[in-house]
Amino acid sequence: MKQNGILLNLTEKEFDLIEEVGDGHISTSLETPMKPDAHALSDKEKMAKIAEHFASIMDTLGLDLSDDSLQGTPMRVAKMYVEEVFSGLNPKNKPEVKLFENKYGYNEMLVEKDIKVHSFCEHHFVPIIGVAHVAYINSGKVVGLSKLNRIVDYFAKRPQVQERMTMQIANELKEALDTEDVAVIIDAKHMCVSLRGVEDTSSSTVTASYSGAFQNEETKREFLQYIYSGK
Ligand SMILES: [Zn+2]
């Protein structure tokens, strides 16, 4: 996609609209928008290409890439994008979830709270940092606790919109745990709100998804009590 010519020819109004979509954090679908050939390149090929483009961004900003301190930056950024912060774009990194028999006969809700969320805003490519609280009521099968963290992490490690991330995590939990009784809350700070635009450093954004039994007021209240009591 060629963006160079486009940007120079934008009217002020059109440019404002681009800003508005970003600042409003409007997402277009539940699926992360991906190209059909998204995984045609190997990780190595992606890194080489990203490094080249990032070097060009730095060069355009006027930075001297022959400086010892800056020389390795394009490759470091490329490696960080592909292997770390955006690794959740590649389905090969999706955590495998194994279910176990619920041998203890535990039939109450299980809550895993304060799971770290390190994501990136897809409109500005700056971090979204916060926590997720998830809960489920088992359908006779249970899951290893760390898998809940891993599912959150997989969907966080993408360019994201918080609402979509919340829904993607909830849907995956429902499928993996074979139950509709799932709740997800995400409470996160968006660096694009703190560092630029309105520059608000104190606000955070809360999103929630309640399905099955969690749509019942009493069950929802019990979940919220576990999360917010004692804080
Ligand atoms: Zn943003």
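Throughout, residues of each chain are indexed from 1 in the direction in which the sequence is written. With the structure being a predicted model, the display of local features is reserved for residues of pLDDT at least 70 and the display and counting of side-chain atom pairs for 80 or more, all residues being used for whole-chain, interface and lining totals.

(A) Layout of the overall build of the chain. Here a helix means four or more residues in a row that DSSP labels H or I, a strand means two or more in a row labelled E, and each is numbered from the N terminus. Along the backbone of the chain there are nine helices and seven strands. For the chain, the C-alpha atoms occupy an extent of roughly 65 × 40 × 35 Å along the three principal directions. Comment: burial labels come from other C-beta atoms within 10 Å of the residue's own C-beta, placed from the backbone, where a count of 20 or more is buried, 12 or fewer is exposed, and between is partly exposed. Across the 231 residues in the chain, those meeting the buried criterion constitute 25%. Counting contacts in the chain only where the partners sit at least 6 residues apart, residues at least 24 apart contribute 70% of the total. Throughout, a pair of residues is in contact if the C-beta atoms placed from their backbones lie within 7 Å.

(B) Layout of the pairing of strand β6 (residues 182-190). Of all nine residues making up β6, seven are buried, and the element is well covered by its neighbours. At least two DSSP bridges between two strands are required for those strands to pair. One ladder, built from nine bridges, connects strand β3 (residues 127-137) with β6; its direction is antiparallel. Looking across to β6, one finds that Gly130 is bridged to Ala188. The sheet contact formed by β6 and strand β7 (residues 205-210) spans six bridges and is antiparallel.

(C) How the structure looks around the pairing of strand β2 (residues 109-121). Sheet topology places β2 next to β3; ten bridges connect them, and they run antiparallel. The residue of β3 that forms the bridge with Lys116 is Val131. Of the strand pairs in this sheet, β2 and strand β5 (residues 159-160) are connected by two bridges, and their pairing is parallel. Bridging from a neighbouring strand, Phe120 pairs with Pro159 of β5.

(D) View of the sheet that holds β6. The strand order across the open sheet formed by five strands is β5-β2-β3-β6-β7, and the pairing between neighbours is mixed. Either end of the sheet is taken by a strand with one partner, and the two such strands are β5 and β7.

(E) The packing of helix α6 (residues 145-156) against helix α7 (residues 162-177), seen in detail. Lines fitted to the C-alpha atoms define the axes, with helices restricted to the stretch that makes contact. Angles between their N-to-C directions range from 0 to 180 degrees. In contact at an axis separation of 9 Å, α6 and α7 are set at 140° when each is read in the N-to-C sense. If you check the angle between α6 and α7, you find them oblique. Of the two possible hands of crossing, α6 and α7 adopt the one that is right-handed. For the pair formed by α6 and α7, the contact residues are Ile151, Val152, Phe155 and Ala156 on the first element and Met165, Gln168, Ile169, Glu172, Leu173 and Ala176 on the second. Grouping the amino acids of the contact of α6 with α7 by side-chain chemistry returns eight nonpolar, one polar and one charged. By the definition adopted for this analysis, an angle is roughly parallel if under 35 degrees, roughly antiparallel if over 145, roughly perpendicular if from 65 to 115, and oblique otherwise. Helix crossings get a hand from a simple test, with the near helix turned counterclockwise from the far one by less than a right angle marking a left-handed crossing and a clockwise turn marking a right-handed one. Polarity classes work like this: nonpolar for Ala, Val, Leu, Ile, Met, Phe, Trp, Tyr, Cys and Pro, charged for Asp, Glu, Lys and Arg, and polar for all others, with Gly in that last group.

(F) Layout of the domain arrangement of the chain. When the domains of the chain are assigned, the result is domain 1 (4-93) and domain 2 (99-228). Averaged C-alpha coordinates put domain 1 and domain 2 at centres separated by 26 Å. Counting from both sides, the interface comprises 13 residues of domain 1 and, opposite them, 15 residues of domain 2. Broken down by element, the residue count for the side of domain 1 that touches domain 2 peaks at three residues, all from helix α2 (residues 12-24). Classifying every residue of the side of domain 1 that touches domain 2 gives five nonpolar, seven polar and one charged. Domain extents, as shown, originate in an automatic or database domain assignment.

(G) Here's a closer look at the nonpolar core. Ala132, Val134, Val152, Ile169, Leu173 and Val184 are the most contacted members of the largest nonpolar core, which totals 33 residues. If you list the elements that add at least two residues to this core, you get β2, β3, α6, α7, β6 and α8 (191-194). What Ala132 contacts, discounting residues up to four positions off in sequence, is Ile115, Val117, Val152, Ile169, Val184, Ile185 and Ile186. Membership of the second largest hydrophobic core comes to six residues, among which are Ala51, Ala78, Tyr81 and Val82. Note on definitions: a nonpolar core is a set of buried residues drawn from Ala, Val, Leu, Ile, Met, Phe, Trp, Tyr and Cys, linked by C-beta atoms within 7 Å.

(H) Inspection of helix α5 (residues 73-85) at higher detail. In this scheme, a helix's expected span is set at 1.5 Å multiplied by one less than its residue total. Spanning 13 residues, α5 covers only 16 Å between terminal C-alpha atoms, well under the ideal 18 Å at 1.5 Å per step. Here α5 has its buried residues at Pro74, Ala78, Tyr81 and Val82. Against α3 (43-60) lie the buried residues of α5.

(I) Layout of unusual backbone geometry. Phi is positive for Asp178, which is not a glycine, with a value near 55°. Of note, the phi angle at Glu199 is positive, near 50°, even though the residue is not glycine. Using a count of 8 C-beta atoms within 10 Å as the deciding quantity, one classes Glu199 as exposed.

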